[in-house]
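# Structural overview
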Amino acid sequence: MIQERRIWIEGTEYRLLISDEPQALLAAQAAGRAVLGVEDPAAEKWTMRGIPYVVPGWEEITEELEEMVLRRRLGFPWIIAASDRLTIREFVKADAGQIPVEECTLEEEHFRSEEAMEQYIRNQYAFYEYGIWALVEKEDSKLIGMAGVTAPGEKIFRNFKLEQLPFQEQWLELGYHIFEPYRGKGYAKEAAAMVRSYAHDVLSARLIAVIHEKNQASRAVAESLKMKLIPERDPGCAAAILPQNGTDTQWQNGHLLYGECCLSLPDREDS
């Protein structure tokens, strides 16, 4: 079966080909088309090699999935969330030139290179469907910072008393960085709340955050999300350097771990 869907994105019509026929999908893909494969349950072996997006059945296809596949093929960013003031979206290559040098920390340096940004978009977003995202002010479409989630490092679980999560839930590390001219306007809390909602509703994740004990503004953001301090397993571990956490930075003395504990996530419609 072959179906063609018409999808409108930002006022322009695009087309997506959906099929359970591998040859039709490969031919459309070779012609530059966006495609979505549907697995044949009767097939004795995997027949969708080379097709980037495949679902186990026609009933799994949603309008949201169709738009996401199309955006991935066209190189358009996925919109994570939006409020009256902010849009949170995936980074695009052109954003690299909009991040001020003085605002770039060591772990964010790759966001200032178009080549590195392109690689991040391809490897992080397309594979994991989460990462660090762009914060765009709606009024003037300016990039005002970044926020998102990353996979925490293993040492976090060894050194802190994080609770065991139910099946199909995960811990993700929250990060946010508002550029200097836009601080003090409540953007960090607003963005963090939207990221939290996306993490709960879409990723089935609870959040943790690594924050320096003297960073009262960031601690206030975490506490506004009802995050609590996570106790250490080993009282001496706070003095250690913990390499390779979720943002590839190093913890020095004085860093704290906040987390969403004793939290029940809302039931997902597709669960």
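Residues numbered from 1 in each chain as written. Predicted model: local features only at pLDDT ≥ 70, side-chain atom pairs only at ≥ 80, totals over all residues. Heavy atoms only, no water.

Here we come to the overall build of the chain. Looking only at helices and strands, the chain has 6 helices and 12 strands in total. A total of 271 residues make up the chain; the buried ones form 44% of that total. Long-range contacts, defined as pairs at least 24 residues apart, comprise 59% of the intrachain contacts of the chain with a sequence gap of at least 6. As displayed, the chain offers around 15100 Å² of accessible surface, 49% of which is attributable to carbon and sulfur atoms. (Helix = DSSP H or I, 4+ residues; strand = E, 2+ residues; numbered from the N terminus. Buried < 20%, exposed > 50% of the residue type's maximum accessible area, 1.4 Å probe, protein only. Contact = heavy atoms within 4.5 Å. Areas by Shrake-Rupley, 256 points an atom, 1.4 Å probe, with all protein chains shown as cover.)

Tallying each qualifying case throughout the model produces 7 aromatic pairs. Ring centres of Phe111 and Tyr120 lie 5.1 Å apart, and the angle between their planes is 70°; this geometry places the pair in the edge-to-face category. Assigned by exposure class, Phe111 and Tyr120 land together as buried. Taking 5.8 Å as the distance between ring centres and 45° as the angle between the ring planes, the aromatic pair formed by Tyr128 and Tyr130 counts as tilted. By relative accessible area, Tyr128 is classed as partly exposed at 43%. Note on Tyr130: relative accessible area 7%, which makes it buried. A network of ring pairs unites the aromatic residues Phe91, Phe111, Tyr120 and Tyr125 as a single cluster. (Phe/Tyr/Trp six-rings, centres within 6.5 Å; stacked < 30°, edge-to-face > 60°.)

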